[in-house]
Amino acid sequence: MINVIGLGYIGLPTALMLAKAGNKVYGTDIKESTVKKLQERKLTFEEKGMDELFKEALDKDIHFGVKPIETDMYIITAPTPYDKYTKKLDCSYVVKAVESVLDYALEDSIIVVESTVSPGAIDKYIRPVVESYCSENKKTIHLCHAPERIIPGNMVYELINNSRTIGADNEKVAKKVSDVYKTFCKGEINFTNIPTAEMTKVIENTFRDVNIAFANELAKICKQGGLDVNEVIRIANKHPRVNILKPGPGIGGHCIPVDPWFLVGDYPLTTELIYKARQINDSMPNFVLNEVYEIMQKEGIKDSSRVGLYGLTYKENIDDIRESPTLQILELQKRHLGNPLKTYDPWVKEKITENQVFDIHEFLDSVDMVVVLVAHDEIVKHQELLKDKVVYDTRNVIEGDKVYRL
Ligand SMILES: NC(=O)c1ccc[n+]([C@@H]2O[C@H](COP(=O)([O-])OP(=O)(O)OC[C@H]3O[C@@H](n4cnc5c(N)ncnc54)[C@H](O)[C@@H]3O)[C@@H](O)[C@H]2O)c1
């Protein structure tokens, strides 16, 4: 039996995939409402392929509860935010999740930490807790780090096909854990020690952050130089060794804008590039908002409530709004005391912003200008809906000569 601790964006699909592959699974979450919903056979978030996976898993051996159970393998997927002031990892959720399983863990059991943690965090915050418990209770419990790298919007596919990293103290533990992942994962499994596994995960997201920052800086340079950044990147990428990413209105979610801070927090004097990249990416919502005002002036739009932000999520075709550029833009706009901008997102069904509209036609009828912040399929496939609007496309997905672009 595998006990998955934390049933959020990572824990739930992992638990379902393990069950679908024939493992006995118990999913634990401290949030009673989450557990209740899952027990009622209702999904807690939308994601491509999850409905089917959920049904397939429920036909197998999976149960949900608020407490851990007695078993020999735990997979921890608790959140890992960073402290706003020190920029260091807040490992408290993971530590609490680990502590919660210790009394239930059978002799020789393994606790696999899937949550992203800063390099050295397991030895610093988690191992001492486990070792002191084990020495008091004369038990052996092993630790392992198997960081997750799936992307929302394509989680089900990536769970099966991505390669994985397993950091363990010895081969026996690594083999036991990899045998479990191999029940559903077709990707290559790379073995290493725990600190190296921690570092690889954090630098994967940092690599993305730095490269996106380069594209965003280029967007600003090209704007000043009167050039189309998308055209510049398209041609530069014809070079066999150049692959510039797309600029955008900022970075959201709980990975790319969070993980680089772990390195900056721990190595403040040696992370100049990483810190600068974070600042550049964090500056994009403000850059976009300034552009919106300039376009409004050019187009004679005086009332900001006649401007609509298309997309509230942090990326296309998902319902996750955490740290999204749209929310950051709205927060910045509040300080300018204008009428709140309208918002609309086909994936977000609950009211989260002041001037939110829930029907695309009603949204378009209520605005003169649309700022495309998320490239949801809905708008990419139905661009004709925007034909009478002033359009500012920050994702370079809307065709037409009259479209303003980042
Ligand atoms: N979301 C992603 O795209 C993604 C991708 C790769 C890695 N990660 C990493 O995976 C980890 C989890 O991220 P997430 O997006 O799934 O977070 P999440 O907030 O969606 O889910 C975390 C869940 O853990 C539960 N939880 C917290 N403390 C608990 C405890 N003590 N016992 C039981 N349940 C507990 C919460 O109630 C929540 O449901 C983070 O470290 C994140 O950085 C996330």
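My aim in this report is to walk through the structure given alongside it, one point at a time. (Residues numbered from 1 in each chain as written. Predicted model: local features only at pLDDT ≥ 70, side-chain atom pairs only at ≥ 80, totals over all residues. Heavy atoms only, no water.)

## Looking at the sheet that holds strand β7 (residues 164-168)
With respect to topology, 8 strands assemble into an open sheet ordered β3-β2-β1-β4-β5-β6-β7-β8, the strand pairing being mixed. Of all the strands in the sheet, just β3 (62-65) and β8 (189-192) have a single pairing partner and so form its edges. The average angle at which neighbouring strand axes cross in this sheet is 25 degrees, direction not considered. Pairing analysis gives 4 bridges linking β7 to β8, with the strands arranged parallel. (Pairing = 2+ DSSP bridges. Helix = DSSP H or I, 4+ residues; strand = E, 2+ residues; numbered from the N terminus. Axes fitted to C-alpha atoms, helices over the stretch in contact; angles between N-to-C directions.)

## Considerations on the site of the ligand
By nearness alone, 23 residues border the ligand, and I10, D29, T80, T116 and R322 come closest of all. At 3.1 Å, a backbone N or O of Y9 approaches an oxygen atom of the ligand. In this structure, the shell around the ligand is formed jointly by two domains, domain 1 (2-192) and domain 2 (201-281), each of which donates at least three residues. (Near = heavy atom within 4 Å. Polar contact = N/O pair within 3.5 Å; in protein donor to acceptor, adjacent residues only side chain to side chain. Domains from an automatic or database assignment.)

## Some remarks on the packing of aromatic side chains
On inspection of all chains with the given rule, the structure shows 6 aromatic pairs. Their ring planes at 65 degrees and their centres at 5.8 Å tell us that W261 and Y275 sit as a pair that is edge-to-face. Residue W261 is found in helix α10 (residues 259-266), and its partner Y275 is found in helix α11 (residues 272-282); the two are separated by 14 residues along the sequence. Taking the centre distance of 5.7 Å and the plane angle of 50 degrees together, the rings of Y310 and Y344 count as tilted. Residue Y310 is located in strand β9 (residues 307-310), and its partner Y344 is located in strand β10 (residues 342-344); the two are separated by 34 residues in the primary sequence. Taken as a pair, Y310 and Y344 share a single burial class, namely buried. (Phe/Tyr/Trp six-rings, centres within 6.5 Å; stacked < 30°, edge-to-face > 60°. Buried < 20%, exposed > 50% of the residue type's maximum accessible area, 1.4 Å probe, protein only.)

## Details of the packing of helix α8 (residues 194-225) against α11
At a minimum axis distance of 8 Å, the contact between α8 and α11 shows a crossing angle of 55 degrees. Relative to α11, α8 is oriented oblique. Crossing hand, α8 versus α11: left-handed. Contacts from T206, D209, V210, I212, A213, N216, E217 and K220 of α8 reach α11 at L273, I274, A277, R278, I280 and N281. When grouped by side-chain class, the residues that make up the contact of α8 with α11 number 7 nonpolar, 3 polar and 4 charged. (Parallel < 35°, antiparallel > 145°, perpendicular 65-115°, else oblique. Left-handed = near helix turned anticlockwise from the far one by under 90°. Contact = heavy atoms within 4.5 Å. Nonpolar A, V, L, I, M, F, W, Y, C, P; charged D, E, K, R; others polar.)

## With respect to the pattern of salt bridges
One pass over the structure, following the stated rule, counts 19 salt bridges. With its nearest N and O atoms 3.1 Å apart, the salt bridge here joins E40 to K36. Measuring nitrogen to oxygen at the nearest pair gives 3.1 Å for the salt bridge that ties D320 to R322. Within this structure, K36, E40 and K42 form a network of salt bridges that share partners. (Salt bridge = Lys/Arg side-chain N within 4 Å of Asp/Glu carboxyl O.)

## Observations regarding the environment of S109
Note on placement: S109 falls in strand β5 (residues 105-113). According to the relative accessible area criterion, S109 is buried, its value standing at 0%. Note: C-alpha distance between S109 and A78 (31 residues apart in sequence) is 19 Å. In this structure, S109 is in contact with T71, D72, T140, I141 and H142, ignoring residues within four places of it in sequence.

## Focus on α10
In terms of burial, α10 is a largely internal element, 7 of the 8 residues being buried. Buried residues in α10 make contact with α8 and α11.

## Brief notes about the pairing of β7
Of all 5 residues making up β7, 5 are buried, and the element is well covered by its neighbours. Here β7 shows a buried face lined by R164, I166 and A168 and a second buried face lined by T165 and G167. In this sheet, β7 lies alongside strand β6 (residues 141-145) in antiparallel orientation, the contact comprising 2 bridges. From the neighbouring strand, H145 faces β7, where its bridge partner is G167. In this fold, the crossover linking β7 to β8 by way of helix α7 (residues 171-181) has right-handed handedness. (Right-handed = clockwise from strand over helix to strand, strands pointing away.)

## Regarding the sheet that holds strand β11 (residues 369-372)
A sheet is described by the order of its strands in space; here 5 strands give the open sequence β10-β9-β11-β12-β13, paired in parallel fashion. Edge positions in the sheet fall to β10 and β13 (404-405), since each has one partner strand and no second. Sheet topology places β9 next to β10; 3 bridges connect them, and they run parallel. Paired with L309 across the strands is T343, a residue of β10. Against the sheet, helix α12 (residues 284-299) contacts β9, β11, β12 (390-393) and β13, and its axis sits at roughly 160 degrees relative to β12.

## Some points on unusual backbone geometry
For K138, which is not glycine, the phi dihedral falls at a positive 50 degrees. As for its position among the elements, K138 is in the loop between α5 (121-137) and β6. Positive phi outside glycine occurs at E323, with the angle close to 55 degrees. Inspection of the secondary structure assignment puts E323 in the loop between β9 and α13 (325-334). Exposure remark for E323: the relative accessible area of 45% places this residue in the partly exposed category.

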